[in-house]
Amino acid sequence: MTLVALAILSTRYDMVDLPVWHFLGGGKALDPAGLHLQGEFVESNLGAAEGPARSVTVRMIAQQFVFVPQCIAVPAGVPITFRITSADVVHTLSFLGTDYGLKAVPGAVTEATFTFAKAGEFKIPCHEFCGAGHYAMRGRLDVVPRDQFASLLPGERRTCELP
Ligand code: CUA
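Here the structure is a predicted model, which means the values were calculated and not measured.

Draft legend 1. Layout of the overall build of the protein. A count of helices and strands for the protein gives four helices and ten strands. Per-residue burial over the protein gives 41% buried out of 163 residues. For the protein, restricting intrachain contacts to residue pairs at least 6 apart in sequence, the fraction spanning at least 24 positions comes to 59%. When the accessible surface of the protein is split by element, carbon and sulfur atoms take 58% of a total near 8700 Å².

So this is what it looks like as structure tokens:
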């Protein structure tokens, strides 16, 4: 069982930002059950945040059977770095109408950068069978014009309740 897990990790470790030895060492891995309590994935840190040089990072959690946040607003025409993890089992999300996809793995962070050229709405269905509610598991990405994004409050970026 452990060997199988290690074999999977050693072939897929390039998809997550924690090297395999972090899993072996234990200490630094994310605790899937405690994501909301401390660290990068506490609730106030989820959604889209602007960093240096107007870079945008989106943090989200996949869990049975929702994405948290359910809807995220991001600016069009800007590279968006997604950092996602799972609170339980493996989920795979895609952005409907694009080739973009990401795997959410418990205990690790998956990172990828995508650019959405135009404003629009993208459904985010789960593509990995993750349990009874799998078929209803979907989030949403609202891509808005850059100026509009700049004027949104953190709460509005996290809920898509746009003014
Ligand atoms: Cu999550 Cu299927």
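Draft legend 2. Representation of the side chain of His-91. Structurally, His-91 is set in strand β6 (residues 91–94). Within the structure, His-91 has its side chain in polar contact with the backbone oxygen of Val-89 (distance 3.4 Å). Apart from residues no more than four positions distant in its own chain, His-91 is found in contact with Ala-62, Gln-63, Gln-64, Ser-86, Leu-102, Lys-103, Ala-104, Cys-126, Glu-128, Cys-130 and Met-137.

Draft legend 3. Summary view of empty space enclosed by the protein. Scanning the model with the defined rule gives one cavity of 30 Å³ or more in all. A volume near 50 Å³ is recorded for the largest cavity. In this structure, the largest cavity is lined by Glu-50, Arg-54, Val-56, Pro-75, Val-78, Arg-146 and Phe-149. Split into classes, the residues belonging to the lining of the largest cavity amount to four nonpolar, no polar and three charged.

Draft legend 4. Structural detail: unusual backbone geometry. A cis amide bond links Gln-64 to the next residue, Phe-65, at an omega of 0 degrees. Here Phe-65 is to be found in the loop between β2 (56–63) and β3 (66–68). Cis geometry is found at the peptide bond from Val-68 to Pro-69, where omega equals -5 degrees. Mapping Pro-69 onto the fold places it in the loop between β3 and β4 (71–75). At Cys-160, a residue that is not glycine, the phi angle is positive and equals roughly 65 degrees. Positionally, Cys-160 belongs in the segment after α4 (154–159). Take Cys-160: its relative accessible area is 10%, and that puts it in the buried class.

Draft legend 5. A look at the pairing of strand β1 (residues 47–50). Sheet analysis places β1 next to β2, joined by four bridges and oriented antiparallel. Bridge assignment links Ala-49 to a residue of β2, and that residue is Thr-57. Joining the antiparallel neighbours β1 and β2 is a turn of five residues, in which Ala-53 adopts a positive phi near 55 degrees.

Procedures and definitions
Residues numbered from 1 in each chain as written. Predicted model: local features only at pLDDT ≥ 70, side-chain atom pairs only at ≥ 80, totals over all residues. Heavy atoms only, no water. Helix = DSSP H or I, 4+ residues; strand = E, 2+ residues; numbered from the N terminus. Buried < 20%, exposed > 50% of the residue type's maximum accessible area, 1.4 Å probe, protein only. Contact = heavy atoms within 4.5 Å. Areas by Shrake-Rupley, 256 points an atom, 1.4 Å probe, with all protein chains shown as cover. Polar contact = N/O pair within 3.5 Å; in protein donor to acceptor, adjacent residues only side chain to side chain. 1 Å grid on protein atoms, 1.4 Å probe; cavity = no way out; pocket = protein on both sides within 12 Å on 5 of 7 lines; lining within 4 Å. Points joined across faces, edges and corners; volume = space filled by probe spheres on them. Nonpolar A, V, L, I, M, F, W, Y, C, P; charged D, E, K, R; others polar. Pairing = 2+ DSSP bridges.

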